Every structure is written in C-alpha cells, then in structure tokens.
Amino acid sequence: GAGVSQTPSNKVTEKGKYVELRCDPISGHTALYWYRQSLGQGPEFLIYFQGTGAADDSGLPNDRFFAVRPEGSVSTLKIQRTERGDSAVYLCASSLKGTGPDTQYFGPGTRLTVL
Amino acid sequence: EDKVVQSPLSLVVHEGDTVTLNCSYEVTNFRSLLWYKQEKKAPTFLFMLTSSGIEKKSGRLSSILDKKELFSILNITATQTGDSAVYLCAVEARGSNYKLTFGKGTLLTVNP
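Residues numbered from 1 in each chain as written. Chains lettered and ligands numbered in written order. Predicted model: local features only at pLDDT ≥ 70, side-chain atom pairs only at ≥ 80, totals over all residues. Heavy atoms only, no water.

Trainee: I'd like a rundown of the overall build of chain A, residues and numbers included.
Mentor: The secondary structure content of chain A amounts to zero helices and 11 strands. Sequence-ordered secondary structure for chain A, helices as α and strands as β, is β-β-β-β-β-β-β-β-β-β-β. At 13 Å, chain A has a C-alpha radius of gyration in line with the 13 Å of a compact globule built from 115 residues. The dimensions of chain A, computed from C-alpha atoms along their principal axes, are 40 × 25 × 25 Å. Taken across its 115 residues, chain A has 46% of its residues classed as buried. (Helix = DSSP H or I, 4+ residues; strand = E, 2+ residues; numbered from the N terminus. Rg over C-alpha atoms; globule rule 2.2 N^0.38 Å. Buried < 20%, exposed > 50% of the residue type's maximum accessible area, 1.4 Å probe, protein only.)

Trainee: Pulling in residues and values, what's your account of the sheet that holds strand β3 (residues 19–24) of chain A?
Mentor: Residue and element names in this part refer to chain A. Overall, antiparallel pairing links the four strands, which are arranged β1-β3-β8-β7 in an open sheet. Edge strands, defined here as strands with exactly one partner in the open sheet, are β1 (5–7) and β7 (65–68). Strand-to-strand, the axes of this sheet are offset by a mean angle of 15 degrees, without reference to chain direction. Bridge count for β7 against strand β8 (residues 75–79) is four bridges, and the pairing is antiparallel. Bridge pairing in β8 links Phe65 to Ile79. (Pairing = 2+ DSSP bridges. Axes fitted to C-alpha atoms, helices over the stretch in contact; angles between N-to-C directions.)

Trainee: So what's going on with the pairing of β3(A)? Residues and values would help.
Mentor: Residues and elements named next belong to chain A. Of the two faces of β3, the one holding Val19, Leu21 and Cys23 is buried and the one holding Glu20, Arg22 and Asp24 is not buried anywhere. For β1 and β3, the ladder comprises three bridges, and the chain directions are antiparallel. Looking at β3, one finds that Ser5 is bridged to Asp24. When β3 meets β8, the two strands line up antiparallel, connected through five bridges. Across the sheet, Arg22 pairs through a bridge with Thr76, a residue of β8.

Trainee: Can you tell me about the interface of chain B and chain A, naming the residues and giving the values?
Mentor: With 19 residues of chain B at the contact, the number on the chain A side is 30 residues. Where chain B touches chain A, the interface holds one salt bridge. For Asp56(A), the salt bridge identified is with Lys99(B), shortest N-O distance 3.2 Å. For the interface between chain B and chain A, the tally reads five residue pairs in polar contact (both at pLDDT 80 or more). Sorting the residues of the side of chain B that touches chain A by element identifies β4 (30–38), β5 (43–49), β9 (85–93) and β10 (100–102) of chain B as the ones contributing at least two each. For the side of chain B that touches chain A, the class distribution of residues is nine nonpolar, five polar and five charged. (Contact = heavy atoms within 4.5 Å. Salt bridge = Lys/Arg side-chain N within 4 Å of Asp/Glu carboxyl O. Polar contact = N/O pair within 3.5 Å; in protein donor to acceptor, adjacent residues only side chain to side chain. Nonpolar A, V, L, I, M, F, W, Y, C, P; charged D, E, K, R; others polar.)

Trainee: Go over the confidence of the model for chain B, please, and point to the residues and values.
Mentor: Averaged over chain B, the pLDDT score is 94; the fraction of residues at 70 or greater is 99%. Across chain B, element-level confidence peaks in strand β11 (residues 106–111) of chain B with a mean pLDDT of 98 and bottoms out in β10(B) with 93. (pLDDT = per-residue confidence, 0-100.)

Trainee: If you had to explain the confidence of the model for chain A to someone new, which residues and values would you point to?
Mentor: Per-residue pLDDT for chain A averages 93, and the proportion of residues at 70 or more is 96%. Within chain A, the element-level pLDDT minimum falls on strand β6 (residues 53–56) of chain A, averaging 87, and the maximum on β3(A), averaging 98.

Trainee: Give me the sheet that holds strand β3 (residues 19–26) of chain B: which residues, what numbers.
Mentor: All names here are of chain B. The strand order across the open sheet built from five strands is β1-β3-β8-β7-β6, with neighbouring strands paired in antiparallel fashion. Here the strands that pair on one side only, and so sit at the sheet edges, are β1 (3–7) and β6 (56–58). Along the sheet, successive strands turn relative to each other by an average axial angle of 15 degrees, direction set aside. Here β1 pairs with β3 via five bridges, running antiparallel. Note that in β3 the partner of Gln6 across the bridge is Cys23.

Trainee: Go over the packing of aromatic side chains, please, and point to the residues and values.
Mentor: Under the criterion given, the structure shown has 11 aromatic pairs over all chains. With a centroid separation of 6.1 Å and an interplanar angle of 75 degrees, the aromatic rings of Tyr35(A) and Phe45(A) are classed as edge-to-face. Taken together, the residues Tyr35(A) in strand β4 (residues 31–37) and Phe45(A) in strand β5 (residues 44–50) connect sequence positions 10 residues apart. Given the relative accessible area of 0%, Tyr35(A) is considered buried. Geometrically, the ring pair formed by Tyr35(A) and Phe106(A) is tilted, given 5.4 Å between the ring centres and 45 degrees between the ring planes. In this pair, Tyr35(A) is assigned in strand β4 and Phe106(A) in strand β10 (residues 105–106), connecting sequence segments 71 residues apart. Three or more aromatic residues link up through ring pairs in this structure, and these residues are Tyr33(A), Tyr35(A), Phe45(A), Tyr48(A), Tyr105(A), Phe106(A), Tyr36(B), Phe45(B) and Phe102(B). (Phe/Tyr/Trp six-rings, centres within 6.5 Å; stacked < 30°, edge-to-face > 60°.)

Pasting the structure below:
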C-alpha cells in the first residue's frame, strides 16, 4: 500500500511570505505527527493529531505556525510571515492509532528554503 | 526534558566491516526506543525496542536495549555501500502523546 506522501517536495519562498505544506498519511492511520529537521540535527516534534483534533501542539515554535486536519486524514502545516530560520525539512509521520507502542512511519518530507 | 545522545556522530568503514552504533537516553517514564535509517529525507523504520535484553534482528542488522543502563546499540554486520545513511535513535515516553525525541543521528559511510 501507499506510504505517507508529502507535497511539495521542495518549496522556495521569500521572507515574509505564507506557505502551506501538505501531508497525506497512510490510509486508516488515525494519528499524524509533524516534525522539523534542521541540517545536522534529528527531527524535532511540532504537533500531533489524533483524528481531527490537535492533541498536542507543544512543539510549535510560535504563533506563526499552525496545522489543521479537518477530516482526520490529510493535514496541512501553515507558516505565516516566514523567516530564514524556518528553513528546514518538514517531516510528517502517521501511525495506526497513536496509543501504545505504535510505529510512526515517515513521509519523504518537504524541504523549505526561505530566502 | 527528555534527551537522546548518539555516538559516534559519524563513522567511515570499508565494505564487509561490522559496526556498532550507540544510543543513550534520559527520559521520564520510558515506553519505547526506535531506530530509523535516513538515506535522503524519509526516515525508514528499523526496530522498536521496549524490553531489556531481547535482541531484535533483521538480516544483517540487530539491536538490543538495556533499560538499566539506559542505552541501546545497533549492530550492522558485513556492511555494504547501501548501508550508508544517517541512523537515528528516538525514544517515546508514556504520557508524552507518543511524540518521539530524536538524537542527532550517526552518519555512516561505507566505502567499497
């Protein structure tokens, strides 16, 4: 079956612009996670959805970052007034139910470059 | 704050060598430790470890967890150039909403 997919694979934008990054999880997975990975670092948690609701958004760095998952499947990460420091690879992961030891499967990521 | 430290940060070996990658952690209410392989962008799942002393094995890769000493190792025997990648270790804590805390990774380069 299809894995986690993310679009676009690369996004170049100018400082101050708005961007949207999309994640399509594995079919049937109720839990969805966003992570951000800077060069030379491991992924860092941003937000976790269980179904349609954001169960934990404690990793979002500030109020310029927002994510939605309106129908409990596809999720969109939205970044307003982008800054150069937002440049990173944004990874999405999904897991079957998000309860108990439950493997997270990652998508290929979106490489965001803010000029 | 949960913490994961991987060593070495990078490693260069020749094909056929055996390598051991290390991961130590500090986490409140440990639930599981996971290993991923990252070649381009997508981390690919390798192992999930929850119990001490039970080796998980998949082909030339194996991993074991020591919950008393708070570390895990990932072994790769008879390395191949296709094993070249960043190997990420992550921990999950109970009550953390299942989010993973990652180490910085070990960059493994296998030369022919």
